[in-house]
Amino acid sequence: MNELSGLGGLLAFVIGWFVAQAGKLIGDLIRNGKMSGQEIIDCFFRSGGMPSGHTASFTGLSTFFVFQFGLFAPISILAICTTIIVVYDAVNVRYAVGEQGKMINIMIMDRNYKKKKVKVVEGHTVPQVAVGAILGLAIGFIMSCCF
């Protein structure tokens, strides 16, 4: 593995995340219309939503390494395994925690507890992950052609 390959992998990861987050922002702008500067920043850096930035970035990295080094190269195997863990976590663990956080906040509001609402970190649905994976595959392939 040379340094340019590492740079290509990093770029595939960053571009995957950036494109997915930009997609969320564009979707929110279409749905909500005008947004303040802070709302734009919050939207761009939020977790959850369509498409999955986690999935797009890790799938982009994995795809890049597979095309550069082959499916069974150690770096490709490591990237693929990490991608599987990240996607599983986004769809199952983070999604469930987000739903629980929403319910806790409803209970706090309904019972007039003098507690602050809990921060809700959203996970992803299967369609959100699927679109993120498609983005990542495309970006990883394009990046592998450039390096």
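This one's a predicted model, so the numbers in the text were calculated from it and none came from an experiment. (Residues numbered from 1 in each chain as written. Predicted model: local features only at pLDDT ≥ 70, side-chain atom pairs only at ≥ 80, totals over all residues. Heavy atoms only, no water.)

Caption draft 1: Focus on the packing of helix α3 (residues 53-69) against helix α4 (residues 74-110). Following both chains from N to C, one finds α3 and α4 inclined at 165 degrees, their axes separated by 9 Å at the closest point. Classed by the angle they form, the pair α3 and α4 counts as roughly antiparallel. The chirality of how α3 crosses α4 is left-handed. Contacts from His54, Thr55, Phe58, Thr59, Ser62, Phe65, Val66 and Phe69 of α3 reach α4 at Ile75, Ser76, Ala79, Ile80, Thr82, Thr83, Val86, Val87 and Arg94. (Axes fitted to C-alpha atoms, helices over the stretch in contact; angles between N-to-C directions. Helix = DSSP H or I, 4+ residues; strand = E, 2+ residues; numbered from the N terminus. Parallel < 35°, antiparallel > 145°, perpendicular 65-115°, else oblique. Left-handed = near helix turned anticlockwise from the far one by under 90°. Contact = heavy atoms within 4.5 Å.)

Caption draft 2: Summary view of a nonpolar patch on the surface. A surface patch of nonpolar side chains, amounting to about 730 Å² of accessible area, comprises Leu4, Leu7, Leu10, Leu11, Val14, Ile15, Phe18, Val19 and Phe147. Positionally, Leu7 belongs in helix α1 (residues 3-32). Leu7 gets classed as partly exposed once you look at its relative accessible area, which sits at 38%. (Patch = residues over 30% accessible without salt bridge, like charges linked within 9 Å, V, L, I, M, F, W, Y side chains within 5 Å. Areas by Shrake-Rupley, 256 points an atom, 1.4 Å probe, with all protein chains shown as cover. Salt bridge = Lys/Arg side-chain N within 4 Å of Asp/Glu carboxyl O. Buried < 20%, exposed > 50% of the residue type's maximum accessible area, 1.4 Å probe, protein only.)

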